[in-house]
Amino acid sequence: MNIELRQLRYFLAVAEEMHFGRAANKLHMTQPPLSQAIQVLEENIGAQLFIRTTRSIALTAAGLALIPEAKKILQQAVALPQLVQRAAAGEIGELSLAFISIADYSILPPFLRQFRHHHKDVRIELREATSNVQLELLEKSEVDAGLLIPPIPPKLSEILNYQKVLSEPLILAVPEIFSSRKNSQYLSTYADLPLIIFPRKIAPSLHDTILGCFRTEGLTPAIAQEAIQMQTIIGLVSAGMGIALVPQSVSNLIRPGVVYYPMPNLNARVEIGIAWRKENTSPVLKSFLDLLKN
């Protein structure tokens, strides 16, 4: 079947005028080629569209069924160039984005709001995952990009790009029942309390930075519990299970029974960045990456 848009326009003109001569005038053509085009269309479709007599024409059931579909096809054809142009500009399409839990307290909400404001027709699929899981997803091309904690393993550096997005200090989360101690901004003040921390396998750099803070103070913490979700870590602090060193933005997570303290004597920071496959040329991804650069 080889149906041309021109044939559909001819058909609709005849259907609207119900007269081949008037339709031909409307189309700025003569009647014979118009009649021939309709006959070819009927042959391609395999059904008669008009009942013709010497004095009049009428639409068949097939012709009546074709009218709304022909209009729809022609409307889509008119909109097609703009649709393609918007897709090329990253204004429509899909973006699958993985993110670590701490990004939800800092960079993710404002970036999503800004991106949605300028890209209302982009469908965003969000997936919360730890950094190690995100690296696996990126390696398998199961997400477009991931907000994670570096570094990128050497074996993946050849296929992944990485861009720093945020660096923030670590702060101390203390159970409220122990928050009245003097010198609350020093780890040594809570040396008797166990530590709640991320497992090293999901965020090696963060895990090592946290333990490095204790080494700087000449302390060796007793690890009471490991948890992969920031909400869980803060929940355990709230329950009096121990202390935790968390990114500053986590203080936005208000939980009864937890007090946050800065640690000005320690220059400990955590970095969050975005990683994506070098081969990924998605215009939508490019638009999101451009937003993160600004």
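Residues numbered from 1 in each chain as written. Predicted model: local features only at pLDDT ≥ 70, side-chain atom pairs only at ≥ 80, totals over all residues. Heavy atoms only, no water.

A.B. asks: Could you clarify how one ought to interpret the packing of aromatic side chains in this entry?
C.D. replies: The relation between two aromatic rings is expressed through the spacing of the ring centres and the mutual angle of the planes. Scanning the model with the defined rule gives three aromatic pairs in all. Ring centres of Phe11 and Phe50 lie 5.5 Å apart, and the angle between their planes is 50 degrees; this geometry places the pair in the tilted category. Here the residue Phe11 occupies a position in helix α1 (residues 5–17), and Phe50 occupies one in strand β1 (residues 50–52), the gap between them amounting to 39 residues. Exposure class is identical for Phe11 and Phe50. Each is buried. Taking 6.1 Å as the distance between ring centres and 65 degrees as the angle between the ring planes, the aromatic pair formed by Phe20 and Phe50 counts as edge-to-face. You can see Phe20 sitting in helix α2 (residues 20–26) and its partner Phe50 sitting in strand β1, a full 30 residues away along the chain. Clustering of aromatic rings is evident, with ring pairs tying together Phe11, Phe20 and Phe50. (Phe/Tyr/Trp six-rings, centres within 6.5 Å; stacked < 30°, edge-to-face > 60°. Helix = DSSP H or I, 4+ residues; strand = E, 2+ residues; numbered from the N terminus. Buried < 20%, exposed > 50% of the residue type's maximum accessible area, 1.4 Å probe, protein only.)

A.B. asks: Help me understand the pairing of strand β4 (residues 121–128) in this model?
C.D. replies: Both faces of the sheet carry side chains from a regular strand, because those side chains alternate between them. With eight bridges connecting them, strand β3 (residues 92–99) and β4 associate as parallel partners. Paired with Leu95 across the strands is Ile124, a residue of β4. Read from β3 through helix α5 (residues 108–118) to β4, the crossover connection turns out right-handed. (Pairing = 2+ DSSP bridges. Right-handed = clockwise from strand over helix to strand, strands pointing away.)

A.B. asks: Just to check I follow, could you spell out the side chain of Thr60 for this structure?
C.D. replies: Among the structural elements, Thr60 can be located in the loop between β2 (57–59) and α4 (61–88). On the basis of relative accessible area, Thr60 is assigned to the buried category, the value being 12%. Apart from residues lying up to four places away in sequence, Thr60 is in contact with Gln48, Leu49, Phe50 and Ile51. (Contact = heavy atoms within 4.5 Å.)

A.B. asks: Any chance you could explain the nonpolar core here in plain terms?
C.D. replies: Soluble, globular proteins show a tendency: their nonpolar side chains are buried together. Within the largest apolar cluster, 65 residues are counted, with the highest numbers of intra-cluster contacts made by Val246 and Ile274. Those residues in contact with Ile274, other than ones at most four positions away along the chain, are Leu97, Ala145, Gly146, Leu147, Asn161, Tyr162, Gln163, Val165, Phe288, Leu289 and Leu292. Phe11, Ala15, Ala37 and Leu41 belong to the second largest nonpolar core, which has 23 residues in total. (Core = buried A, V, L, I, M, F, W, Y, C linked by side-chain atoms within 4.5 Å.)

A.B. asks: I'm lost on α5 in this one. Help?
C.D. replies: Think of an α-helix as turning once every 3.6 residues; residues three or four places apart then point the same way. Among the residues of α5, Leu108, Phe111, Leu112 and Phe115 are the ones counted as buried. Buried residues of α5, viewed axially, fall in a sector of 100 degrees; they line one side. Facing away from the buried side of α5 by over 90 degrees, the exposed positions are Arg113 and His117. Buried positions along α5 lie against β3, β4, β5 (145–148), β6 (160–175) and α9 (283–293). (Arc of directions from axis to C-beta.)

A.B. asks: I'm lost on unusual backbone geometry in this one. Help?
C.D. replies: Only a minority of non-glycine residues have a phi that is not negative, and only a minority of peptide bonds are not trans. Here Pro150 and Pro151 are connected by a cis peptide whose omega angle stands at 10 degrees. Relative to the helices and strands, Pro151 resides in the loop between β5 and β6. Within the chain, Met18 stands out as a residue other than glycine whose phi angle is a positive 55 degrees. Considering the arrangement of structural elements, one finds Met18 in the loop between α1 and α2. Even without glycine at this site, His28 takes up a positive phi of about 60 degrees. Its location among the elements puts His28 in the loop between α2 and α3 (31–45). Residue classification places His28 among the exposed positions, given a relative accessible area of 75%.

A.B. asks: Even after reading the chapter, I still don't get the pattern of salt bridges, so can you show me in this structure?
C.D. replies: A side chain with one charge can pair with a side chain of the opposite charge if their charged atoms come near. Tallied over the entire structure, the rule returns ten salt bridges. Two residues, Lys26 and Glu16, come together in a salt bridge whose shortest N-O distance is 2.7 Å. Taken together, the positions of Lys26 in helix α2 and Glu16 in helix α1 put the pair ten residues apart, joining distant regions of the chain. Of the residues examined, Lys26 reaches a relative accessible area of 43% and is grouped as partly exposed. Ionic pairing is found between Arg22 and Glu17, a salt bridge with its closest N-O pair at 3.7 Å. Given a relative accessible area of 44%, Arg22 falls into the partly exposed group. Judged by relative accessible area, Glu17 falls into the partly exposed class, the value being 25%. Here the salt bridges share partners, and the residues they tie into one network are Glu16, Glu17, Arg22 and Lys26. (Salt bridge = Lys/Arg side-chain N within 4 Å of Asp/Glu carboxyl O.)

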